[in-house]
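# Coordinate inspection notes
For reference, the chains in residue letters:
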Amino acid sequence: MKARLFAEDNRKWWTLAAVAFGLFMIMLDNTIVNVALPAIKADLGLNTSELEWTVTAYALTFAVLLLTGGKLGDLVGRRLIFTIGLVVFTVSSLLCGLSSNATELIAARSVQGVGSALMMPATLSIISATFAPRERGTAIGIWAGVSAMALAIGPLLGGIITEHISWNWIFYVNVPIGVLGVIASIVVVPESRDTSREQRLDLAGLLTSGIGLLALVYALIEGHSYGWTSGKILGLFAVAVAALTAFVLVEQRQRVPMLDLALFRNGTFAGANVVAILVTLAMFGIFVFFPIYMQTFRGWSPIQSGAALLPWTLMVVIFAPIAGKLSDRVGSRWLMAAGMTVVAVCCLILSTVTVSSSFWHMLPGFLLGGLGMSFVMTPMSAAAMGAVSVDKAGVASGVLNTFRQVGVALGIAITGAIVTNRAAAAARGGADPAHAFVHGLTFGMRVSAVICLGGALAAALLVRNYRFGDQHQALAEAA
């Protein structure tokens, strides 16, 4: 029995299980932390900007290093980079749980993002290298299912752990999973690398993009503290513009660029990435600031706030596969436009909350948010991947995931800046802290609604309305 279980034919499934361990941790960390933010704030005495950095530091390093992580895997070995990333993520999770102040926690969260950036690209690359084409779809389906499951249970699991144990354990839970994942990756994951073409790291692109995004996010988060017209904040915005402009110029001249700008000549690919950054920008403002609203000003427990967000993630789990099938039949263009419009309606509903709103007031918004995201995320991925040739699929996937992570970082920073500044203005007018925060939050939701409508317009104007299967049929006929 043991011999059959670990036979060569079954090894690929053990490989899938090993990378699924790592993927589960990465995706769980996207949602499990948000519910614990009020408890972290109270225990460590964090201010609003430090609380934002707790989430943004992870998303920022993840976004900046994601494409480099994929390149490193191709260059030196995907199993090696995956294992290193898993070790980095596990150790940094332990350090997050042990943190006793804001500086330690934010630093550890930044290192967590480094680990995720090394692991995430390797998971799909290892699956593609391990499974034959006839089984690859099944393996990727399981990969996507693990991702959806982690996202779905994150808020509720975070609430249970925070309420019944402590916030530290939302990070400690990664440690045993990470240890098992490291052992499994060493034992069962085969090594692979890309030897088909030139591989080199784009250090100039990494440096300019990292400096630009860090300066931009820092200015957005700290703008209220220093003053939006202060020399420091204006200087940071100038650095961001200069560095990101330099990044574009560098990528245009690199022989092996980190970001292949030629891909954006295709309107469908460009439109899908615009939608990716806008939908995550709008949504992560909700995921971060509504748990704070629920627990701090409504008096809900961590479990209650985690459970309140569960309908959102369950809608994604249920409807994302349906949206994927529909995109095969009718194309992605109008599904994405309609989905972004539904998410805009979600934001408008949530912009009507008050200091005494019940769960039933928010539930329609959460349901529409999950439904709209389902009809954005899957067709968006199908559009981006269908817009490029098969040999560019890995690069296209990395770019799309990078834009999504940049949207997360910018969404938290921009929504935080809006909430903080509008709340401060309301407080100066005599509003108490609860009414001031809700004033800022509801204004932020109206801004998010406008952002989503902009995404709907981008989808309608840029994305070609073709069926995802069309390109693959043409490629097969050409072969």
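Now for a look at the structure at hand.

### Examining a nonpolar patch on the surface
Together, Leu 75, Val 76, Leu 80, Ile 84, Leu 201 and Leu 203 give the surface a local cluster of nonpolar side chains, amounting to about 460 Å² of exposed area. Secondary structure elements with two or more residues in the nonpolar patch: helix H3 (48–76) and helix H4 (78–98). Looking at where Leu 80 falls in the secondary structure, it is placed in helix H4. What makes Leu 80 partly exposed here is its relative accessible area of 40%.

### Let's talk about the packing of aromatic side chains
In this description, an aromatic ring pair is defined by two values, namely the gap between the centres and the angle between the planes. Applying the stated rule across the entire model yields 13 aromatic pairs. On the numbers, 5.1 Å between centres and 75 degrees between planes, the contact of Phe 287 with Trp 312 is edge-to-face. Of the two residues, Phe 287 is situated in helix H11 (residues 267–297) and Trp 312 in helix H12 (residues 302–330); the sequence distance between them amounts to 25 residues. A relative accessible area of 12% means that Phe 287 is categorised as buried. Relative accessible area serves as the criterion here: at 1%, Trp 312 is assigned to the buried category. Positioned over the ring face of Phe 443 is Arg 422, at 4.0 Å from the centre of the ring.

### Quick notes on the environment of Thr 54
By the secondary structure assignment, Thr 54 is in helix H3. Each C-alpha atom, one on Thr 54 and one on Asn 34, is 9.5 Å from the other, the two residues being 20 residues apart in sequence. If sequence neighbours within four positions are ignored, Thr 54 has contacts with Leu 37, Leu 46, Leu 105, Ile 106 and Arg 109.

### A look at the nonpolar core
Among the nonpolar cores identified, the biggest contains 128 residues, and Met 283, Ile 286, Phe 290, Tyr 293, Met 294, Met 362 and Phe 366 are the most heavily contacted of them. In terms of residues, this core owes the most to one element, H11, which gives 19 residues. Beyond its immediate sequence surroundings of up to four residues, Met 362 is in contact with Phe 290, Tyr 293, Met 294, Trp 300, Leu 350, Val 353 and Ser 357. Core analysis: the next-biggest nonpolar cluster, separate from the first, contains five residues, Ala 215, Ile 233, Leu 236 and Ala 240 among them.

Reading the values: the criteria
- Residues numbered from 1 in each chain as written.
- Predicted model: local features only at pLDDT ≥ 70, side-chain atom pairs only at ≥ 80, totals over all residues.
- Heavy atoms only, no water.
- Patch = residues over 30% accessible without salt bridge, like charges linked within 9 Å, V, L, I, M, F, W, Y side chains within 5 Å.
- Areas by Shrake-Rupley, 256 points an atom, 1.4 Å probe, with all protein chains shown as cover.
- Salt bridge = Lys/Arg side-chain N within 4 Å of Asp/Glu carboxyl O.
- Helix = DSSP H or I, 4+ residues; strand = E, 2+ residues; numbered from the N terminus.
- Buried < 20%, exposed > 50% of the residue type's maximum accessible area, 1.4 Å probe, protein only.
- Phe/Tyr/Trp six-rings, centres within 6.5 Å; stacked < 30°, edge-to-face > 60°.
- Lys NZ or Arg CZ within 6 Å of the ring centre and 35° of its normal.
- Contact = heavy atoms within 4.5 Å.
- Core = buried A, V, L, I, M, F, W, Y, C linked by side-chain atoms within 4.5 Å.

So far we have only geometry, and geometry alone does not tell us how the molecule works.
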